[in-house]
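# Understanding the architecture of this molecule
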Amino acid sequence: MPLSPAVRAEIGAVVGGRHVITEPEQLRVYDCDGLTGWRATPELVALPGSTAEVQGVVRICAREGIPFVARGAGTGLSGGALPVVEGIVIVLTRMNRILEIDLASQRVVVEPGVANLDVTRAVAADGFFYAPDPSSQQVCTIGGNVAENSGGAHCLKNGFTVNHVTGLTVVLPDGEVVELGGKALDPDGPDLLGAFIGSEGTLGIATEITLRVLRRPEAVTTQLAAFGSTDAAGEAVSAIVSAGIMPAAIEMMDRLTIVAAEQAYHPGYPEGAEALLLVELDGIAVQVDQDTAAVDRICRSCGAFEVRVARDDAERALLWLGRKGAFPAMGRMSPDYYVQDGVVPRTKLPEVLRRIGELSREHGLQVGNVFHAGDGNLHPLVLYDAAKGETEAAKALAEAILGACLDVGGSLTGEHGVGVDKACSMPKMFSERDLEAFERLRRAFDPEGIANPGKVIPTPRLCGEVPGPYRQHPLELIGLGERF
Amino acid sequence: MASVSSLEQASAALRAASAEGRTVRIGTDLDAAGMSLVLEHEAGDLTCTVEAGIRLSALAAALAPSGQRLSLDPPGDPTVGACLAGNLSGPLRHRFGAPRDLVLGVTLVLADGTIVNAGGKVVKNVAGYDLGKLVCGSRGRLAFIGRVSLRLHPAPVAAATIVVETGDPASVAAELLASQLVPSALDVLHPGRVAVLFEGGAAAVAAQVRATRALVGGDEADHSVWEESRARQAAALGRTSLAPGALRGFLEGAPAAVVRPAAGIAYLSTAARDETPEPVRLLQERVRERFDPGGVLA
């Protein structure tokens, strides 16, 4: 049902007419996020400027039964911010103020539209940083990071967004405002804060976020190790961790991504490498020195033919540029690519990488691997050409790779989120009963099902009435299925 | 008091209670004492999956041969399930977090007997809602915790404790927190002392001991101060929270306390009121009603 003129006017009165978008041309800007294969045009986009305005808009949605989707910079890779047709998008980018810097408490309070890297920029001069560092950190917003529980290369040691958010002001889907946590940790009662973070916009909208910032480590080293095979590099990852060393990050790139990154950025990666590890150690200087030497030994004993340490910050930045820019660099290698986000136990890395190689050959499509090896979070990039009709084959290969991850006890997604992209794959990881339990939590926050409907939990409309476990999905059982 | 030794038994017990309209207090009427196995421990992954009735001491003994530990040290020797349900932590909370930071996945038995899984056993996973975190602090009101997958850490090669006797513990704590030192624990034993624990390689521990003494003074001490801290925590009558930067004002108003300043948690010798804001309490109640509509879990 299209929005009535009265409702449009009412939303305009809450956020100000300038901050409502209804022109079809302009609405199209918001019709997808970083997962561009899924598109839907919303009825209206509202850009509120405060918690009270978010609350005002959500109250209208609750009263009228209008589905809403919250959105930050739109860099998400799972379609979590895909609009709902006949719904509205609430864009939080106007709420981009840093509200408080309390370094005595090591906390920073921000609005959701603040870019991830801007938090670090605000405290860097005082020797602090904000730890979660998704590759899109220049533009992705803290609100989106909260929704997705974003990680990044350095979450191996420091943890994910959920480990660095101590408090949230949340507008619930009925328009009520709650304060979860604050500057102190461990409030009484069930961990609603922990459950909210990573809920992909389905439990409400965070409008103020209290973050923990960390003291810059005394020393940092970034090491590059080149191997003759991904197997050998995978073995080195396990050997480093088993030796009791906890690097800040261990990243792996295979030959295809090394070549792409080298062509795009010239970071000086060794020639002839089938696999590279980027190992960053930080902490107390003596410990970092010892561990750097140990990582050198371990890599060489696993067959590395070159191991070197970045001499200075400039070289470190260059080595990281090749890694963090690997996805866009891949765009030069192939007209289209599809990114997966599966996780495997890190001891299974060599086995799963071999399996991905086999699957790639079986499906006749190339796969580049660039990923967070330390925590087993793979990012296989399936290369294809949509113009040649390879889209379906690419999807099939990507599905097969996810299956290989789940076969060894892994996860569908390590940091990109389920969104719409992987909702239909959820039954591969969770039983009907598990999904029904998820639905209980969702319903406690959002009884009417208006907050980002159709995401995370599979729906018949999204996934079809496929034979198998979901012919009687919980959504159907509770009568919500037809709504979507 | 009934101890169950399997998920199926817990499920049957709760199903029966639901059907008969009986209430069940988890930990009192129904406990997981018979579920105490380490189901999986892959050392190279630094993870394990255990039955929730295993005590921390038994888990520590099982992990020690691999040179690993669960970095959780609340007072006493509770079960892993009790740690989650009570969100229990000890001095190591400073660096390694609370149970909610260490739990990777859970198997729960809901009040109606349904057995559900959430999370996983890998260290990084954002598929589905994090019910493993949700049940942390739930005190048995949301579900029976049956199995838990946990993140582990390497056991430290060396450790050293420094105790600083001081009339101004707030300044000592602030100096340490603003430094680049990486303590595993930092407790203010108010009044009069700050205790700091360093762990890691021998050289790094020694370097940090020297740096600490140069920064705030103090002497190397045996580790008994941590037992004292945990004992005082266990004997505390109340717990409260404070912004870490508000430590000085807090100490001025409290006669005695054990404070973990980075986390902003204080254990008090006097009773503290529940600080949960009313809207949060109502939301907690909405969650509880969804998970236990029949009000079985008391």
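Residues numbered from 1 in each chain as written. Chains lettered and ligands numbered in written order. Predicted model: local features only at pLDDT ≥ 70, side-chain atom pairs only at ≥ 80, totals over all residues.

Glancing now at the overall build of chain A. Each helix and strand counted, chain A has 18 helices and 18 strands in total. The C-alpha atoms of chain A give 23 Å as radius of gyration, which agrees with the globular expectation for 484 residues (23 Å, within 12%). For chain A, the C-alpha atoms occupy an extent of roughly 70 × 55 × 45 Å along the three principal directions. Here chain A holds 484 residues, and 59% of them are scored as buried. Partitioning the intrachain contacts of chain A with sequence separation of at least 6 by distance along the chain shows that 72% fall at a separation of at least 24. (Helix = DSSP H or I, 4+ residues; strand = E, 2+ residues; numbered from the N terminus. Rg over C-alpha atoms; globule rule 2.2 N^0.38 Å. Buried ≥ 20, exposed ≤ 12 C-beta atoms within 10 Å, placed from the backbone. Contact = placed C-beta atoms within 7 Å.)

In this section: the overall build of chain B. Summing up its helical and strand segments, chain B has eleven helices and 16 strands in all. Computed over its C-alpha atoms, the radius of gyration of chain B comes to 20 Å, within 12% of the 19 Å expected for a compact globule of 298 residues. Within chain B, the proportion of its 298 residues that are buried is 54%. Restricting to contacts in chain B with at least 6 residues of sequence separation, those with at least 24 account for 68%.

A word on the pairing of strand β6 (residues 103–109) of chain B. Residues and elements named next belong to chain B. Burial analysis of β6 places seven of its seven residues in the buried class, the great majority of the element. Looking at chain direction, β6 and strand β8 (residues 144–151) are connected through six bridges and run antiparallel. Residue pairing across strands places valine 103 opposite leucine 150, the latter belonging to β8. The loop that links β6 with its antiparallel partner strand β7 (residues 115–119) comprises five residues; one of these, glycine 113, has a positive phi angle of about 95°. (Pairing = 2+ DSSP bridges.)

Residues and elements named next belong to chain B. Locating isoleucine 145 in the fold gives a position in strand β8. Isoleucine 145 sits in the buried class, given 30 other C-beta atoms within 10 Å. Remark: the alpha-carbon pair of isoleucine 145 and alanine 174, spanning 29 residues in sequence, is separated by 38 Å. Not counting residues within four places of it along the chain, the set of residues in contact with isoleucine 145 comprises Ala52, Gly81, Leu84, Ala85, Val106, Leu108 and Val135.

Once that is clear, we can look at the environment of Met253(A). Residue and element names in this part refer to chain A. Inspection of the secondary structure assignment puts methionine 253 in strand β13 (residues 249–254). The exposure class of methionine 253 is buried, given the 27 C-beta atoms found within 10 Å. Measuring from C-alpha to C-alpha, the distance between methionine 253 and leucine 359 comes to 18 Å, with 106 residues separating the pair along the chain. Setting aside its immediate chain neighbours within four residues, methionine 253 contacts Ile258, Ala261, Leu276, Arg323, Ala326 and Val370.

So, about the interface of chain B and chain A. Chain B puts 67 residues into the contact, and the matching count from chain A is 70 residues. Within the residue set of the side of chain B that touches chain A, elements represented by two or more residues are α5 (99–102), β7, α6 (131–134), α7 (169–178), α8 (202–216) and α11 (278–291) of chain B. The element best represented in the side of chain B that touches chain A is α11(B), accounting for eight residues. Here the residues of the side of chain B that touches chain A are counted per class, giving 35 nonpolar, 20 polar and twelve charged. (Nonpolar A, V, L, I, M, F, W, Y, C, P; charged D, E, K, R; others polar.)

Before going further, it helps to spend a moment on the domain arrangement of chain B. Residue and element names in this part refer to chain B. Assigned domains within chain B: domain 1 (2–154) and domain 2 (158–268). On a C-alpha basis, the centroid separation for the pair domain 1 and domain 2 is 29 Å. Counting from both sides, the interface comprises eight residues of domain 1 and, opposite them, 15 residues of domain 2. Here the residues of the side of domain 1 that touches domain 2 sort into three nonpolar, three polar and two charged. (Domains from an automatic or database assignment.)

This part takes up the nonpolar core. One broad rule of soluble globular proteins: the nonpolar side chains tend to lie buried together. Counting residues in hydrophobic clusters, the biggest one holds 249 residues, and the most contacted among them are Ile90(A), Ala225(A), Leu276(A), Leu277(A), Val382(A) and Val135(B). Considering every element that reaches this core, the biggest residue donor is helix α14 (residues 391–407) of chain A, with seven residues. (Core = buried A, V, L, I, M, F, W, Y, C linked by C-beta atoms within 7 Å.)

Where helix α16 (residues 432–445) of chain A contacts α11(B), the two axes come as close as 8 Å, and the packing angle between them is 145°. Between α16(A) and α11(B) the crossing geometry is right-handed. On the side of α16(A), the interface is formed by Arg440(A), Leu441(A), Arg443(A) and Ala444(A), while α11(B) contributes Arg286(B), Val287(B), Arg290(B) and Phe291(B). (Axes fitted to C-alpha atoms, helices over the stretch in contact; angles between N-to-C directions. Left-handed = near helix turned anticlockwise from the far one by under 90°.)

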